[in-house]
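Chains, contacts and geometry: an overview
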Number of protein chains: 4
Amino acid sequence: MAEQIPPSAILLISCPDKTGIIAAVTEFLFRHRGNILYLDQHVDHEENMFFMRVEWDITHFALSRQQIEPEFQLVAQRFDMRYELHFSDKKERMAVFVSKQGHCLYDILARWQSGEWRVDIPIIISNHEDMASVAAQFGVEFRHFPVNKDNKREMEEKQLALLQLVQPDFIVLARYMQILSGEFISHFPNRIINIHHSFLPAFIGAKPYHAAYNRGVKIVGATSHYVTAELDAGPILEQDVLRVNHRDSVDELVRKGRDVEKLVLSRAVLSHLRKEVLVYNNKTFIFS
Amino acid sequence: MAEQIPPSAILLISCPDKTGIIAAVTEFLFRHRGNILYLDQHVDHEENMFFMRVEWDITHFALSRQQIEPEFQLVAQRFDMRYELHFSDKKERMAVFVSKQGHCLYDILARWQSGEWRVDIPIIISNHEDMASVAAQFGVEFRHFPVNKDNKREMEEKQLALLQLVQPDFIVLARYMQILSGEFISHFPNRIINIHHSFLPAFIGAKPYHAAYNRGVKIVGATSHYVTAELDAGPILEQDVLRVNHRDSVDELVRKGRDVEKLVLSRAVLSHLRKEVLVYNNKTFIFS
Amino acid sequence: MAEQIPPSAILLISCPDKTGIIAAVTEFLFRHRGNILYLDQHVDHEENMFFMRVEWDITHFALSRQQIEPEFQLVAQRFDMRYELHFSDKKERMAVFVSKQGHCLYDILARWQSGEWRVDIPIIISNHEDMASVAAQFGVEFRHFPVNKDNKREMEEKQLALLQLVQPDFIVLARYMQILSGEFISHFPNRIINIHHSFLPAFIGAKPYHAAYNRGVKIVGATSHYVTAELDAGPILEQDVLRVNHRDSVDELVRKGRDVEKLVLSRAVLSHLRKEVLVYNNKTFIFS
Amino acid sequence: MAEQIPPSAILLISCPDKTGIIAAVTEFLFRHRGNILYLDQHVDHEENMFFMRVEWDITHFALSRQQIEPEFQLVAQRFDMRYELHFSDKKERMAVFVSKQGHCLYDILARWQSGEWRVDIPIIISNHEDMASVAAQFGVEFRHFPVNKDNKREMEEKQLALLQLVQPDFIVLARYMQILSGEFISHFPNRIINIHHSFLPAFIGAKPYHAAYNRGVKIVGATSHYVTAELDAGPILEQDVLRVNHRDSVDELVRKGRDVEKLVLSRAVLSHLRKEVLVYNNKTFIFS
């Protein structure tokens with residue numbers, strides 16, 4: 001995995017489309033002896049916007065990590081770019097929120113513990129105590145915030161205070177069955193990843209498997225998205241589906257759905273970790 | 001195909017659940033020397049309802065086709081059954097409605113012409129003339145009804161008059177871009193099959209690919225359902241999906257979607273033709 | 001899950017096809033007040049064989065568990081049946097074999113610990129020590145057998161001796177990278193479940209992802225099957241696939257493949273646990 | 001479709017990997033005012049090879065179509081490139097070979113007639129007369145070559161003579177059940193597209209559905225590939241699969257498989273038409 005590969009730098013770029021952008025960026029990299037490992041771009045012709053992800057080996061790059069941004073400024077300004085610069089060997093810090101159901105949490109912890117993901121998990125936060133023992137078993141700190149209707153604001157403030165200490169790079173809602181306030185979300189723009197147990201935009205909100213059962217659909221799904229203030233309406237990171245039939249009771253849909261949920265969430269987290277995701281106009285471009 | 005197989009009879013049964021139903025039905029068939037080819041059943045425990053499809057070889061069956069219903073009455077009454085009796089060698093008559101897009105129509109006509117489906121297509125009806133030449137090419141009668149907002153009721157009456165003559169067993173809307181009135185639909189309960197170009201209940205109504213594009217979904221789909229008075233809300237017969245990504249423009253979604261649409265519709269038509277479908281509470285049970 | 005459902009009995013039946021089998025079995029159940037929860041059957045017309053799975057609620061069944069087999073003998077003999085009788089509330093014992101890779105093991109242990117599966121895991125056996133800590137973390141006994149070419153027979157004898165004590169109902173090879181001898185396998189006919197990391201019969205044997213990469217396939221897969229003396233040739237329980245493309249290196253195929261492997265294996269184990277599987281002529285019928 | 005889009009030029013490039021390739025190519029395009037519509041590249045680190053597809057709008061390009069190659073020579077020589085230059089508005093000529101089964105042929109003809117594909121179909125060639133009427137119905141010339149074991153060489157010579165006149169750009173084997181000789185194939189390197197009715201490399205050769213049935217697989221598939229001298233071993237263009245179960249007889253597998261075959265073949269043809277395909281080491285890179 002990542003361990004065996006030399007460190008690379010990643011630029012995620014968006015700007016108004018015009019000719020010469022790729023030439024300018026690749027000339028910049030070539031001039032400083034950057035070996036391009038990956039380059040992908042997309043033009044949104046309706047919006048006249050250009051998007052690009054480029055990753056290059058920095059082993060023999062002529063610029064130090066600190067020099068890259070200052071030197072890249074000229075290119076960025078010429079094309080009015082918004083950009084992010086990342087390094088592949090940075091280990092991000094991921095906070096996990098969970099409620100009572102553990103299937104996504106187990107899947108995340110197994111990937112983390114086995115070294116499949118380059119990530120630290122400094123904290124697991126829950127509105128219930130059910131998952132405390134699972135956290136303990138994997139040696140991750142667990143904090144319980146008994147959120148209810150009346151104390152929600154207070155609890156969120158305490159969670160924010162804790163997160164202020166923990167300093168996570170992003171948050172994963174691994175079946176966290178509480179709706180976060182707009183205030184809370186505003187602290188982590190495009191940095192909270194949720195898994196919703198339906199094929200959005202079908203069955204927004206609570207009890208999607210019941211709704212799917214009642215509608216008699218032949219396929220159910222799961223959707224991972226960045227959390228925004230509007231419920232289940234943030235930029236979609238990943239979706240997948242599962243064929244079902246009339247034999248499947250609601251309980252059976254719930255059971256089968258868990259497998260799709262955990263895979264969809266884990267694929268979304270990996271895309272986020274690999275810095276493959278660009279968000280524009282409430283949509284994602286996944287360069288993978 | 002069906003041609004090579006000896007004729008069979010099919011019973012589709014629904015009734016309140018109680019013990020002894022399968023024993024009674026299978027004893028009835030055994031007593032008259034019916035060799036069961038297929039038997040499947042389902043119990044809806046919430047509704048306490050029992051559903052069954054049983055198909056048997058009638059080559060050596062002791063009862064003639066005409067005698068089956070009268071003799072089966074005793075069993076049916078004992079369990080308060082609703083049932084349908086079909087014969088596999090009956091060739092049904094299918095009327096096809098189409099607008100300007102031909103992909104579903106071509107697929108249907110190819111299956112019909114090549115003998116894949118045991119069906120007759122006595123008529124193709126359209127609100128446009130575009131598909132007249134395709135109908136001619138396959139030797140099927142084509143009738144043009146230039147429906148618009150003002151003449152819709154009149155046109156539907158003319159269509160119904162024509163269908164009264166043609167006597168189709170069921171109707172397939174092969175991308176027919178007109179909403180049928182409740183009055184029209186009431187003549188063909190669970191006998192009008194539509195294809196909707198989205199994964200229902202997501203993106204009900206017009207322009208679902210545009211809506212899917214704007215929402216940034218990672219998967220699009222198609223849904224075939226029986227038409228009811230409520231738009232895109234009838235019992236779902238079949239659904240399938242297709243992975244897409246940010247590169248796919250609306251035009252590209254439309255192009256890719258056509259392949260899913262035509263397969264989903266054709267699978268739904270085949271289930272209907274094979275008498276695999278039971279409808280209860282606006283949901284289908286597909287015994288296949 | 002199973003906990004909430006009243007206990008049921010399951011009959012898996014195979015016999016030469018003739019008329020009256022379903023009638024006889026269902027009449028037997030009806031006579032003793034068995035409420036059928038599920039009945040599915042299949043006729044193999046080439047082999048002239050009949051297969052059936054029937055499950056019934058035994059809460060009010062007139063026969064005790066011990067009486068069922070003696071009473072059923074008459075029916076079984078009349079139709080020359082082979083059959084198995086199971087009870088849904090029996091908790092089976094599952095031994096797990098693993099080598100160095102933990103993804104299937106984690107998935108199995110999570111399902112077991114969270115109560116998703118009604119099963120006991122008395123032992124984890126490995127030819128390496130890597131997974132000892134994972135076993136400890138989940139509180140399952142771990143035994144290390146350092147198998148190599150020279151001591152394979154001796155090691156298998158020791159494993160058999162241990163299994164003789166543990167008395168598992170079946171064995172799961174959760175990415176166990178040793179080929180079991182025919183002698184070992186003969187102790188557990190259709191009771192050893194393996195996961196092979198390819199879409200069998202493509203890429204039998206070692207390093208299937210390398211072979212898939214070299215062939216340039218667009219889809220890779222995984223296959224779970226009962227182990228027989230012939231390598232990767234036993235009855236297939238479950239398969240699934242994953243779309244890949246030219247960007248995917250062998251390492252990436254291995255990474256993506258793990259998710260398919262663990263799901264395919266877990267679905268196979270669940271079918272086995274639920275007694276949905278009938279084996280005939282090296283093929284499975286999965287009644288689900 | 002293509003009609004609405006301004007003409008573009010496409011370069012497919014392969015060369016030994018080194019830094020500066022993308023910079024050089026994009027600088028070349030920028031210098032001549034080429035607006036890049038699409039650029040994708042791939043590095044095979046094992047082979048140290050670089051592959052790229054770049055497409056640009058030529059409406060305002062400073063070089064005429066004839067000037068592009070001469071001007072691009074400098075770049076190509078510098079990096080030791082093999083390349084192909086295509087123009088999106090060129091209408092290619094596609095010869096279709098078919099035997100008795102029409103499902104792929106119908107699908108191809110419908111896409112062609114409805115204008116979904118920018119292609120001409122000057123000829124349909126068959127070893128049987130069954131599809132003559134379908135060809136006539138779509139107004140395409142049909143030629144019958146009654147190939148058998150004894151006259152195969154002679155028939156191929158006659159086919160080649162005809163193709164010499166017709167001058168197709170490529171050939172599609174739409175379920176053509178004859179093995180072409182290496183001599184025949186050598187005239188159309190990477191320009192003969194076949195559909196094989198299995199998930200290659202499983203079930204190479206004749207009767208793959210029978211083989212799949214006998215093996216008891218849970219998924220069947222289809223594979224489209226360029227034809228090479230070795231049977232069913234050419235570079236794979238596209239694959240897809242279909243879930244099946246023990247109920248599916250061989251006839252049912254054949255029936256269901258047809259739908260996968262026709263879609264897989266049509267997707268492969270479209271990739272070929274759009275010049276998305278690069279072949280290297282008997283593998284394809286599909287830039288889409």
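Residues numbered from 1 in each chain as written. Chains lettered and ligands numbered in written order. Predicted model: local features only at pLDDT ≥ 70, side-chain atom pairs only at ≥ 80, totals over all residues. Heavy atoms only, no water.

**Here's the deal with the sheet that holds strand β7 (residues 142–144) of chain A**
All names here are of chain A. This is how the line gets drawn: Paired strands, in this sense, are two strands between which DSSP finds at least two bridges. Helix and strand assignments follow DSSP, with helices taken as H or I runs no shorter than four residues and strands as E runs no shorter than two, numbered in order from the N terminus. The axes used here are C-alpha line fits, helices contributing only the stretch in contact, and every angle between their N-to-C directions lies in the interval 0 to 180 degrees. When checking whether two residues touch, look at their non-hydrogen atoms; a contact exists if any pair is within 4.5 Å.
Taken in spatial order, the 7 strands make up an open sheet running β7-β6-β5-β8-β9-β10-β11, and their pairing is mixed. The two strands at the open ends of the sheet, each matched to only one other strand, are β7 and β11 (236–243). Going from strand to strand, the sheet's axes swing by 20° on average, the running direction of each strand aside. For strand β5 (residues 92–98) and strand β8 (residues 170–173), the ladder comprises 4 bridges, and the chain directions are parallel. Pairing of A95 across the sheet is with I171, part of β8. Against the sheet, helix α3 (residues 103–113) makes contact with β5, β6 (119–126), β8 and β9 (192–196), and its axis sits at roughly 155° relative to β6, the strand it touches most.

**Overview of the relation of the copies chain D and chain B**
Short version of the rule: The atoms used to superpose the copies are C-alpha atoms, taken from residues with pLDDT of at least 70 in both, and the fit is least squares.
Expressed as a screw operation, the relation of chain D to chain B combines 0.0 Å of axial shift with a rotation of 180°, fitting to an RMSD of 0.0 Å. In the structure described here, the two chain copies are related by an operation that fits a two-fold rotation axis. Identified as the residue of chain D closest to the rotation axis by C-alpha distance is Q137 of chain D, at 3.0 Å. Most of the interface of chain D is mirrored in chain B, where 100% of its interface residues are also at the interface.

**Some points on the domain arrangement of chain A**
Residues and elements named next belong to chain A. Rules: Note that domain bounds follow an automatic or database assignment of domains. Defined here as a combined quantity, buried area equals the accessible surface (1.4 Å probe) lost by two parts on assembly, summed across both. Every case where a carboxyl oxygen of Asp or Glu lies within 4 Å of a side-chain nitrogen of Lys or Arg is listed as a salt bridge.
Looking at the assigned domains, one finds that chain A contains domain 1 (8–87) and domain 2 (92–286). Residue-level contacts link 11 residues of domain 1 with 8 residues of domain 2. Its largest share of buried area at the contact with domain 2, domain 1 owes to L12, F51 and R53, together 44% of the area lost on that side. At the boundary of domain 1 with domain 2, the tally comes to 0 salt bridges.

**A short note on the pairing of strand β9 (residues 192–196) of chain C**
Residues and elements named next belong to chain C. Stated formally: Relative accessibility under 20% of the residue-type maximum defines a buried residue, over 50% an exposed one, and the middle range a partly exposed one, all with a 1.4 Å probe and only protein chains included.
Of all 5 residues in β9, 5 are buried, a share of seventy percent or more. The alternating pattern of β9 places I192, N194 and H196 on one face and I193 and I195 on the opposite face, and all of these are buried. Sheet topology places strand β8 (residues 170–173) next to β9; 3 bridges connect them, and they run parallel. Counted as the bridge partner of V172 is I193 from β9. Pairing analysis gives 4 bridges linking β9 to strand β10 (residues 219–226), with the strands arranged antiparallel. Opposite I193, over in β10, you have Y226 as the bridge partner.

**A word on the relation of the copies chain D and chain C**
In this structure, two copies of a chain are linked by a rotation about an axis accompanied by a shift along it. With an RMSD of 0.0 Å, the fit of chain D onto chain C corresponds to turning through 180° and sliding 0.0 Å along the axis. Interface overlap between copies: 100% of the residues of chain D at the interface are likewise at the interface in chain C, consistent with a symmetric, same-surface contact.

**What about the packing of aromatic side chains?**
Condition: Ring pairs are drawn from Phe, Tyr and Trp, using the six-membered ring of Trp, whenever the two centres fall within 6.5 Å, and their geometry is named by plane angle: stacked under 30 degrees, edge-to-face over 60, tilted for the rest. When the NZ atom of lysine or the CZ atom of arginine is within 6 Å of a ring's centre and also within 35 degrees of its normal, the charge is said to sit over that ring.
As enumerated under the stated definition, the model contains 40 aromatic pairs over all chains in all. Relative to Y83 of chain C, the ring of F72 of chain C lies with its centre 5.3 Å away and its plane at 80°, an arrangement referred to as edge-to-face. Placement of the pair is F72 of chain C in helix α2 (residues 65–78) and Y83 of chain C in strand β4 (residues 82–87), with a sequence separation of 11 residues. For F72 of chain C, a relative accessible area of 1% gives the class buried. The structure contains a cluster of three or more aromatic residues connected by ring pairs, namely F97, Y176, F184 and F188 of chain A. The ring of F87 of chain C has R65 of chain C lying over it, and the distance from NZ or CZ to the ring centre is 4.8 Å.

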